[in-house]
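# Examination of the molecular architecture
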Amino acid sequence: MYSYKNAWDEVKKRSYREKGSTKAVGTILGGEKTGKIQWKDDFVALHPELEDFTAQRMEDGSIVFSPIDTDKQITVKDALSAKKYAAGATWVFDQMIAGTPLAEALNRVFGARNVNKKILSLAYFLNINENNAMSRYEGFAEKHRLPWQKQLTPSAITRIFQNITSDKIDRFIALLNELTMKRDEKLKSCKYWALDSTSISTHSVKLAKSAYGHNKDGDMLPQINVLMVVNQLTGEPVYYRTYSGNIPDICTVKHLLQEQARIKLDGNAVFVADKGYSSIKNINRFCQNKVSFLMNLKTSFTMCRNLFKDIQADLLDPAAYDDEIDCHAMTVETVWSYPVNYRTNCTVRPPRERDRVYLHFYYNDEIFNSEKKNITAKISKVIKLLKENREFPQNLKLIREVFVTEKHEVRITDDNNKETVTTYATNRQALNDYLLMKGIRVLISNEVRDPIEAHKAYFDRNEVEYAFNLYKQRLGCNRFRVSSNESLEGKAFVQFIATSIAIMFRRRVNNATKKMQNLKLKYDSDSAVIDKLNTIEMTQFSFGNYYTEIVGGLRDLLHAMDIPEPSEELAQQECQEDLNASLADELEEEFSELEISDYEKL
């Protein structure tokens, strides 16, 4: 093993090895080109840190260093160059996703050039920083332990976003679902997938998907819609897409079902959706595609009102009350007729098929009584104002038109004169029609027969509501903060990964709090837990790192979350691979500049 110095030839415009600079620094034991290196004493004297490591020359010319004794202290040189990072939260994230379908899919689709580590680092930033302004990432990376510890400039982050193409996202979603199905194949019960969407406001006028629509935050801004599907059992998002802000929820089901077939989403799952997706067309589409669904049906549908009238007495009977869900419940099995090939505005009636469906009716008397009290008070107020010949507010005009009738009578006064007297009363038929379906919820499914199971599955869909709350509030993703279409999809993907991690973390925290009843520490939110975890610090030096002591409540918290305590990571494989790659690049560049005669000397 030799060392030497390079110099620059101004005439030939290339480097060359200085004569007399070549010095022997060590020997490869065994006399081969590869093997353990024995350093010369004078070289070790110049580099005393070599005493702590064994060195091995590999086939590709790289040198692998391994610590001789992990209990040794780091050298003075390493100590002077060491850096400290907040590390507890990112350690937990690493352990939490290790071996999951999410981590494996990221590695297999985005593993080249460590893009998967860079995506995870950006996702960790969103979870910890609670702001998706990527201009803040550099400062964040200086202080936090991350999967990709090297700096990412704003331009580098933009390139990452632009390289997350639609094709790669498709492959990731398909692989994620394939791996998830293999993991969950032992589950025999129904799998429920919550379906919902939200709107993300934007100030950008350059984004193709930006458009005015029904803004769910009430902003008077153009928006981009995001649809997400979440596994209600695990809380993990399994699918997402961005689409134009002027497309209503009800119109997205057709595309979702096409995506399910194309990307091969789990065909055994039951999609759970609210009234925003409820329409005859969408029920037809689910039936045509043989996809299971559970949907909150609009009670204004004629079928709902007619069936309710048939079962009203039985549903309101105390015998139909179930204390587990705190309401009356009853199921009607019926037949749903749908066209074989559904076409909008078709002139010829297409052939139809018939499938069995279950309509689950629920009655809550508290909701009914509240609605009755509210409408009664409004009608009474309108009649009183009419009698007093006073004007009433704009918001009561519809009450006047629908629920109040007036009657004109001609009366003879005491002096035998005629006068017209107007009286006001409640339109009882209109009131009865209005109150008929109050307190009633109707769920329709082609798969779920039991009304109690259907009720639980529908209300468990708050997983997707929680996902959007995380997405928009805690992760700071209520704005995309991008100005180009090329970056939009990539940033939306990173925010999707961040949301997945946030939900998985929330599940761990919830499970931990159930085990932490006797602990002194109290945690009010995910952010508080992250802040507490980040009191754990990591010191990183040239060949590894070590962590601060973990005692008391922090140790109990990690154990309750089923997370191992962080330990020193000397000569990590990932760090060594990066080091070897850098050395190999340097050697390749150096050898490329040598003259042929120099190779012959070697």
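Residues numbered from 1 in each chain as written. Predicted model: local features only at pLDDT ≥ 70, side-chain atom pairs only at ≥ 80, totals over all residues. Heavy atoms only, no water.

On to the overall build of the protein. When helices and strands are counted, the protein shows 21 helices and 22 strands. Going through the 602 residues of the protein one by one, you find that 46% of them count as buried. Across the protein, the fraction of contacts at a sequence separation of at least 24, relative to all contacts at a separation of at least 6, is 62%. With the model as given, the accessible surface of the protein reaches about 32,400 Å², and the carbon-plus-sulfur share is 48%. (Helix = DSSP H or I, 4+ residues; strand = E, 2+ residues; numbered from the N terminus. Buried < 20%, exposed > 50% of the residue type's maximum accessible area, 1.4 Å probe, protein only. Contact = heavy atoms within 4.5 Å. Areas by Shrake-Rupley, 256 points an atom, 1.4 Å probe, with all protein chains shown as cover.)

Every second residue of strand S3 (residues 14–17) is oriented toward a common face, the buried set being Ser15 and Arg17 and the non-buried set Arg14 and Tyr16. By the bridge criterion, 4 bridges tie strand S2 (residues 6–9) to S3 in an arrangement that is antiparallel. Of the residues in S3, the one forming a bridge with Asn6 is Arg17. (Pairing = 2+ DSSP bridges.)

A few words now on the pairing of strand S8 (residues 63–67). Bridge count for strand S7 (residues 53–57) against S8 is 5 bridges, and the pairing is antiparallel. Of the residues in S8, the one forming a bridge with Ala55 is Phe65. Hairpin connection from S7 to S8: 5 residues lie between these consecutive antiparallel strands, with Gly61 at a positive phi of about 90°.

With antiparallel pairing, the 4 strands of this open sheet are ordered in space as S5-S6-S7-S8. Looking at which strands have only one partner, the edges of the open sheet turn out to be strand S5 (26–28) and S8. Along the sheet, successive strands turn relative to each other by an average axial angle of 35°, direction set aside. Note that S5 and strand S6 (residues 35–39) share 3 bridges and pair antiparallel. Bridge pairing links Thr27 to Gln38 in S6. (Axes fitted to C-alpha atoms, helices over the stretch in contact; angles between N-to-C directions.)

Right, let's get into the side chain of Asn127. By the secondary structure assignment, Asn127 is in helix H5 (residues 115–129). Asn127 gets classed as buried once you look at its relative accessible area, which sits at 0%. There is a polar contact of 3.1 Å between the side chain of Asn127 and the backbone oxygen of Ala123. A polar atom in the side chain of Asn127 sits 3.1 Å from the backbone oxygen of Ala498. (Polar contact = N/O pair within 3.5 Å; in protein donor to acceptor, adjacent residues only side chain to side chain.)

A few words on the packing of aromatic side chains. Using the criterion set out here, one finds 16 aromatic pairs in the structure. Centre to centre, the rings of Trp193 and Phe271 are 5.9 Å apart; their planes meet at 85°, and the pair counts as edge-to-face. With Trp193 in strand S10 (residues 191–201) and Phe271 in strand S13 (residues 269–273), the pair connects residues that are 78 residues apart, well separated along the chain. With respect to class, Trp193 is no different from Phe271; both count as buried. (Phe/Tyr/Trp six-rings, centres within 6.5 Å; stacked < 30°, edge-to-face > 60°.)

A few words now on the nonpolar core. A general feature of soluble globular proteins is that nonpolar side chains tend to end up buried together. Ranked by size, the top nonpolar core spans 121 residues in total, and within it Ile119, Phe172, Phe361, Phe493, Ile497, Ile501 and Phe505 carry the most contacts. Not counting the four nearest positions on each side in its chain, Ile119 is found in contact with Leu106, Phe110, Ile160, Ile164, Phe493, Val494 and Ile497. One finds Cys327, Ala454, Ala457 and Tyr458 within the second-largest nonpolar core, a separate group that totals 14 residues. (Core = buried A, V, L, I, M, F, W, Y, C linked by side-chain atoms within 4.5 Å.)

Inspection of every chain in the model, using the stated rule, returns 12 salt bridges. Glu353 is paired through a salt bridge with Lys290; the nearest N and O atoms lie 3.6 Å apart. Of this pair, Glu353 sits in strand S17 (residues 352–363) while Lys290 sits in the loop between helix H10 (280–288) and strand S14 (292–297); the two residues are 63 residues apart in sequence, bridging distant segments of the chain. Of the residues examined, Glu353 reaches a relative accessible area of 33% and is grouped as partly exposed. Residue Lys290 is classed as exposed on the basis of its relative accessible area of 54%. Connected through shared salt-bridge partners, Lys290, Glu353 and Asp355 make up one network. (Salt bridge = Lys/Arg side-chain N within 4 Å of Asp/Glu carboxyl O.)

The subject of this paragraph is helix H15 (residues 451–459). Every buried residue belonging to H15 is among Pro451, Ile452, Ala454, His455, Ala457 and Tyr458, and all of these are buried. The backbone nitrogen of Ile452 lies 3.2 Å from a side-chain oxygen of the residue at the head of H15, namely Asp450.

With that settled, the discussion passes to helix H4 (residues 101–110). When we look at burial in H4, the residues that qualify are Pro101, Leu102, Ala105, Leu106, Val109 and Phe110. In a view along the axis of H4, the buried residues occupy a sector of 130°, so they form one face of it. (Arc of directions from axis to C-beta.)

On average, residues of the protein score 79 in pLDDT, and 77% of them reach the 70 mark or higher. Across the protein, the element-wise mean pLDDT spans from 40 in helix H21 (residues 596–601) up to 95 in strand S20 (residues 440–445). Segment residues 588–602: pLDDT under 50, and 15 contacts once partners within four positions in sequence are set aside and those in other chains are kept. (pLDDT = per-residue confidence, 0-100.)

Axes are the key here: two packed helices are described by the angle between their axes and the distance separating the axes. Running from N to C, helix H18 (residues 526–533) and helix H19 (residues 552–560) point in directions that differ by 120°, and their axes come no closer than 11 Å. Considering their axes alone, H18 and H19 lie oblique with respect to each other. Helix-helix and strand crossings are classified by hand; for H18 and H19 the assignment is left-handed. For the pair formed by H18 and H19, the contact residues are Val529, Lys532 and Leu533 on the first element and Leu554, Leu557 and Leu558 on the second. (Parallel < 35°, antiparallel > 145°, perpendicular 65-115°, else oblique. Left-handed = near helix turned anticlockwise from the far one by under 90°.)

This paragraph deals with unusual backbone geometry. Within the chain, Arg113 stands out as a residue other than glycine whose phi angle is a positive 55°. Relative to the helices and strands, Arg113 is located in the loop between H4 and H5. The phi dihedral of Asp562 falls on the positive side, at around 60°, and the residue is not glycine. In this fold, Asp562 is placed in the loop between H19 and helix H20 (573–592).

The next point concerns the environment of Arg506. Relative to the assigned elements, Arg506 resides in helix H17 (residues 485–515). Taking relative accessible area as the criterion, Arg506 reaches 25% and is therefore assigned partly exposed.

So, about the environment of Phe293. Inspection of the secondary structure assignment puts Phe293 in strand S14. When the C-alpha positions of Phe293 and Ile444 are compared, they lie 7.9 Å apart, and in sequence the two are 151 residues distant. In contact with Phe293, other than residues within four places in its own chain, are Val270, Phe271, Ile283, Phe286, Cys287, Ile444, Ser445 and Asn446.

Following the sequence through the fold, Tyr240 ends up in strand S12 (residues 237–244). Given a relative accessible area of 6%, Tyr240 falls into the buried group. For the pair Tyr240 and Val229, spaced 11 residues apart in sequence, the C-alpha separation works out to 6.2 Å. Beyond its immediate stretch of four places on either side in the chain, Tyr240 contacts Ile169, Ile173, Leu227, Met228, Glu489, Ala492, Phe493 and Phe496.

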